[in-house]
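Coordinates in review
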Amino acid sequence: MANGTILVVDDEPNIRRTVRWVLEPEGYQLTDAGSAEEALKLLEAEPFDLAIFDVKLPGMSGLELLDKARELWRDLPIIVMSGHATDAPDVVDAMRRGAFNYFTKPLDSDRIKVEVRNALALRSARAEARAGAARGPRYDDEMLGDSPAMVKLREDIAKVAPTNGRVLVLGESGTGKELIAQEIHRLSKRAAGPFVKVNCAAIPSELIESELFGHEKGSFSGAGARRRGQFEVADGGTLFLDEIGDMSLSAQAKVLRTLQTGEVTRVGSEKAFTVDVRVVAATNQDLEAMVKEGTFREDLYFRLAVVPLRSPALRDRLDDVPRLAERFVLLACRDNGLKPKPIDPPVLERLRTYRWPGNVRELRNVCERMAIMSGPRLTLADVPEAIGPRPAAAEAPPGAADLSGYGEVALKDLRDLVERDYILKKLEEHDWNITQAAQALGVERTNLHKKIKQHGLSRAHRGPAPDEEDGEPV
């Protein structure tokens, strides 16, 4: 199956052959035309995933073809080609009319491959965003919950998303600030455009300006080719500036200028061009305090914080934890090829009472660990020690069995559950010494090993294990 269908339009057969020679081995299906008139007939007859054509064509010009192509297929990405220095004004005009990018002749095969991949990836992302918007409101798993804090957050997102207002998302690490930014984008009028994330804390200060605004070839050591910045990549969509508090003051000044004028200037260039980008920023730092300390620009802060939204800490919505945990365990089982595992009510209560310093991210990791390391269901023995001390087992009267922790289970399943917990209890009493545990249980060592494997038991159920267990791994 082809990676995409591409229409190539140029009056020079050699150019059409060159593009075909470069792209067909990459799995693309190419159709070519020698004039704009011929290309227009092809466009009227069938849709293409991408069009590449010269700005200078006999008869109808490339610019006219661009306009007509976009009238027929609004979301068709178009790359234009130019072969002369005098074509520069036409190339600029084509970019203003909506061309994705341009090539110069003689053609560079690597540049062709990269730009074609980028254009088709953008088309795919836009199609997916439109499909998601058509399905209506949807919230990611980490944003599940009916607590007052989450209800208020979803209401605020619904209000601000359709507008052009800039949003500053505040909250601790692990609370899902990026998900809030994605939801704002998905529910906005820009949903068909790109969503581009820049983690300001992960990019060295000397490279942040190049990352955001792009650079010209030779503008600094290592700049071997011109590079588009993330403001340019996000044109028509949303740029998410994560950890904005870690941005250098010099980069802050350039971001402020772009927010004020809508113009971007690449590093090493004096020419500015306009972009249409909505900025959503996020931080876990106190920007107001940083403004007072002089480490964050006050004018930029007010530009970014038109609409501040707070991502609540998980400890402030603990009643949402059981629902989140059930969802995360289900996803972890699915992603790891495991059968769905029920969760005992005491487990959910234990998770609900923990303070979760790592917020939703920590909860998700804990749920995945429990899902992987547990038996057929999750019990209190599967909860990591760090989440809270395990209750001491109460001594039951002779002949009595405490079944309160098993919830509502079928009689046929109860035997396996009781057997599993009793074996685990004896293993822990004997510090996972297989010989001693087998003697206490009245079974052969080999039989006990089989039972351990059958029930999915491991040392993870009791924390760090001793170095040896009779010379045999458990």
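Please refer to the structure placed before this passage.
A short tour of the structure in this document, coming up. Being a predicted model, the structure only gives us computed values, none of them experimental.

Going from Lys-105 to Pro-106, the amide bond is cis rather than trans, its omega being 0°. If you trace the backbone, Pro-106 turns up in the loop between strand S5 (101–104) and helix H5 (109–134). Phi at Trp-356 is positive, roughly 50°, even though this residue is not glycine. Tracing the backbone shows Trp-356 in the loop between helix H14 (345–353) and helix H15 (359–373). Given the relative accessible area of 0%, Trp-356 is considered buried. A positive phi angle, close to 60°, is found at Asn-359, a residue other than glycine. Within the secondary structure, Asn-359 is located in helix H15. Exposure remark for Asn-359: the relative accessible area of 0% places this residue in the buried category.

A few words on the pairing of strand S7 (residues 195–199). Only one face of S7 is buried: it carries Val-196 and Val-198, and the other face, with Phe-195, Lys-197 and Asn-199, is open. In the sheet, S7 pairs with strand S10 (residues 238–242) via five bridges, with the strands oriented parallel. Its bridge partner being in S10, Val-198 is matched across the sheet by Leu-241.

Considered for burial, the residues of helix H2 (residues 36–45) that qualify are Ala-36, Ala-39, Leu-40 and Leu-43. For H2, the angular spread of buried residues about the axis comes to 105°, placing them on one side. Facing away from the buried side of H2, by more than 90 degrees, are the exposed residues Lys-41 and Ala-45. In the core, the buried residues of H2 are packed alongside strand S1 (5–9), strand S2 (29–33) and helix H3 (62–72).

The strand order S2-S1-S3-S4-S5 describes an open sheet built from five strands, whose pairing is parallel. The open sheet has two free edges, formed respectively by S2 and S5, since each of these has just one partner strand. On average, each strand axis in the sheet is inclined to that of its neighbour by 20°, with strand direction left out of account. Strand direction decides the pairing type here: S1 and strand S3 (residues 50–54), joined by four bridges, are parallel. Looking across to S3, one finds that Val-9 is bridged to Phe-53.

Within this structure, the stated rule accounts for 32 salt bridges. One salt bridge connects Lys-105 with Glu-12, and the closest N-O pair in it is separated by 3.8 Å. Taken together, the residues Lys-105 in the loop between S5 and H5 and Glu-12 in the loop between S1 and helix H1 (13–23) connect sequence positions 93 residues apart. Residue Lys-105 is classed as buried on the basis of its relative accessible area, which comes to 17%. A salt bridge links Lys-254 to Glu-209, with the nearest nitrogen and oxygen atoms 3.3 Å apart. Of this pair, Lys-254 sits in helix H10 (residues 249–261) while Glu-209 sits in helix H8 (residues 208–213), and the two are 45 residues apart along the sequence. Residue Lys-254 is classed as partly exposed on the basis of its relative accessible area of 31%. One salt-bridge network, held together by shared partners, links Asp-10, Glu-12, Asp-54 and Lys-105.

Taken as a whole, the largest pocket spans an internal volume of roughly 1400 Å³. What lines the largest pocket is a set of 45 residues, among which Met-95, Arg-96, Ala-99, Glu-232 and Asp-235 lie closest to the centre. Among the secondary structure elements, those contributing two or more residues to the lining of the largest pocket are strand S4 (78–82), helix H4 (88–96), S5, H5, helix H9 (230–233) and strand S12 (272–274). Sorting elements by how many residues they give to the lining of the largest pocket places H4 first, with five residues.

Here is what the cut-offs are and how they apply
- Residues numbered from 1 in each chain as written.
- Predicted model: local features only at pLDDT ≥ 70, side-chain atom pairs only at ≥ 80, totals over all residues.
- Heavy atoms only, no water.
- Helix = DSSP H or I, 4+ residues; strand = E, 2+ residues; numbered from the N terminus.
- Buried < 20%, exposed > 50% of the residue type's maximum accessible area, 1.4 Å probe, protein only.
- Pairing = 2+ DSSP bridges.
- Arc of directions from axis to C-beta.
- Contact = heavy atoms within 4.5 Å.
- Axes fitted to C-alpha atoms, helices over the stretch in contact; angles between N-to-C directions.
- Salt bridge = Lys/Arg side-chain N within 4 Å of Asp/Glu carboxyl O.
- 1 Å grid on protein atoms, 1.4 Å probe; cavity = no way out; pocket = protein on both sides within 12 Å on 5 of 7 lines; lining within 4 Å.
- Points joined across faces, edges and corners; volume = space filled by probe spheres on them.

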